[in-house]
Amino acid sequence: MFDFDQVIDRKGTTSIKWNKQNGFGQKDGLLPFWIADTDFASVPEILEAVKARCDHPLIGYSEPKDSVYQAIQGWWQRHHQWKPEPSWMLLSYGVVTGIYFTLNAVVPKGEKVLVFTPVYDPFFAAVGNSGHTLVDCPLDYADNYYTINFERFEKELADGVRAVVLCNPHNPIGRVWTEEEVGRIAGLCARYQVYLLSDEIHSDFGITRPYTTAGRFTKIRDRLVVYTAISKTFNMAGLGSSCMIIPNPELKKKIADSYDACWMFGPSDLAFTAMEAAYTYGDQWVREQVEYLKGNAQAVEAFIRERMPGVGVTRHEGTFLMWLNMTCFGLSSRRLSEIFAKEYGLAIADGSHYGSQADGFMRFNIGCARSLLMEGLEQMANMYDRYMAP
């Protein structure tokens with residue numbers, strides 16, 4: 001059994017989550033529920049492997065051993081019923097970087113790229129900064145739940161969209177798309193000859209619904225890139241590594257060439273070491289982490305239902321990020337964020353960053369010890385009592 005109740009002091013480290021809170025009006029000191037990393041001590045075998053690698057006096061230019069690819073393949077086969085070939089894998093830096101270079105390589109400048117909003121805000125930057133036109137396809141929202149409007153989606157594809165950036169499980173709303181939904185997205189992309197760029201970095205966080213990878217749908221494989229990383233699952237974001245799974249060898253070469261043209265080589269040997277250890281030894285740790293997060297989500301739902309009944313909790317299926325409808329306050333997300341920070345010592349993510357239709361919502365990171373979570377919820381309830389008092 002691993003101890004996810006342990007409170008680890010990250011102050012004084014290089015943690016952005018704890019030590020860089022300028023966006024909330026101060027340098028640090030807030031109880032953080034914003035940026036998407038967790039406060040859990042990672043898998044002991046990962047840390048031991050990295051330490052052992054550092055015993056060698058040199059860390060130079062490097063390339064991954066075959067065992068790294070085999071470990072990734074084994075993980076996906078065990079956990080997600082898909083066996084990607086090592087030859088499909090391209091290891092590099094973060095997922096958003098991978099999306100940027102993919103768009104740069106395969107979609108002509110100015111062409112349309114679709115995202116389902118509200119969505120992880122770096123997608124907007126990846127599309128815009130790569131010289132493409134963003135197409136916003138809003139998700140339908142009712143009864144604290146989001147669904148895809150497939151009629152709207154297909155119309156946008158027919159109107160000339162060249163690529164779709166999918167988030168599955170979806171950040172920030174916590175949806176885990178069903179097998180039927182993922183299959184339908186893949187089928188429509190294949191029909192309209194559209195690239196499907198599937199960010200599956202939260203793939204190991206199917207909390208209440210099994211996750212389905214787009215890789216299982218052969219109809220889209222020629223135009224598919226699946227992005228994943230150890231950063232969220234194993235709390236290793238600081239290593240700056242990811243894996244793109246690209247079944248089409250010609251597509252893979254185009255993307256690799258796009259990286260090479262900018263001399264973007266990597267990641268580091270420490271990242272390769274961590275990836276192999278994570279995917280070899282992390283099974284039980286991840287299972288226990290998911291169960292702990294499930295308990296955290298249930299605690300949030302119960303607390304808000306009792307103490308903040310006007311706040312809507314979006315039905316939570318996956319990720320360690322919960323999506324709270326705080327429109328009951330009649331305030332913008334930015335103003336809510338300011339009040340939480342300045343008056344109640346909390347750093348909570350401004351929901352409007354994820355799409356204009358999400359103003360009044362907040363993204364709440366539950367990837368922490370339950371004692372810290374409850375401390376944060378008590379402060380939120382104090383704010384609710386003051387601002388919602390009759």
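Let me sum up the structure you'll find in this document. Source: prediction; values computed, not measured.

A few words on the nonpolar core. Counting 107 residues, the largest nonpolar core has Phe 116, Phe 153, Val 164, Leu 196, Phe 234, Phe 364 and Met 380 as the members making the most contacts within it. Among residues more than four places away in sequence, those in contact with Leu 196 are Val 164, Leu 166, Ile 185, Ala 186, Cys 189, Ala 214, Ile 220, Arg 223, Leu 224 and Val 225. Counting residues in hydrophobic clusters, the runner-up holds 28 residues, among them Val 107, Ala 126, Val 127 and Leu 197.

Three or more residues of helix H5 (residues 122-129) are buried, namely Phe 123, Ala 126 and Val 127. All buried residues of H5 project into a common sector of 95° when viewed along the axis, lining one side. The elements touched by buried residues of H5 are helix H4 (95-106), strand E3 (112-117), strand E4 (133-138), strand E7 (161-167) and strand E8 (195-199). Phi for Gly 131, located one or two positions after H5, is positive at around 85°.

Summarising the element assignment, Asp 269 is placed in helix H9 (residues 269-281). Overall, Asp 269 belongs to the buried group, its relative accessible area being 16%. If we skip the residues at most four places from it in the chain, Asp 269 touches Arg 53, Ile 59 and Ser 62.

On to H9, then. For an α-helix, the turn length of 3.6 residues means that residues three or four places apart are oriented alike. Between its terminal C-alpha atoms H9 stretches 18 Å, which fits the 18 Å expected from 13 residues at 1.5 Å a residue. Buried within H9 are the following residues: Asp 269, Ala 271, Phe 272, Thr 273, Ala 274, Met 275, Ala 277, Ala 278 and Tyr 279. On its buried side, H9 packs onto helix H2 (44-54), helix H3 (66-80), strand E2 (89-92), strand E9 (224-228), strand E10 (242-245) and helix H10 (283-307).

Calculation notes
- Residues numbered from 1 in each chain as written.
- Predicted model: local features only at pLDDT ≥ 70, side-chain atom pairs only at ≥ 80, totals over all residues.
- Heavy atoms only, no water.
- Core = buried A, V, L, I, M, F, W, Y, C linked by side-chain atoms within 4.5 Å.
- Buried < 20%, exposed > 50% of the residue type's maximum accessible area, 1.4 Å probe, protein only.
- Contact = heavy atoms within 4.5 Å.
- Helix = DSSP H or I, 4+ residues; strand = E, 2+ residues; numbered from the N terminus.
- Arc of directions from axis to C-beta.
- Expected span 1.5 Å × (residues − 1).

Function cannot be read off these values alone, since they describe shape.
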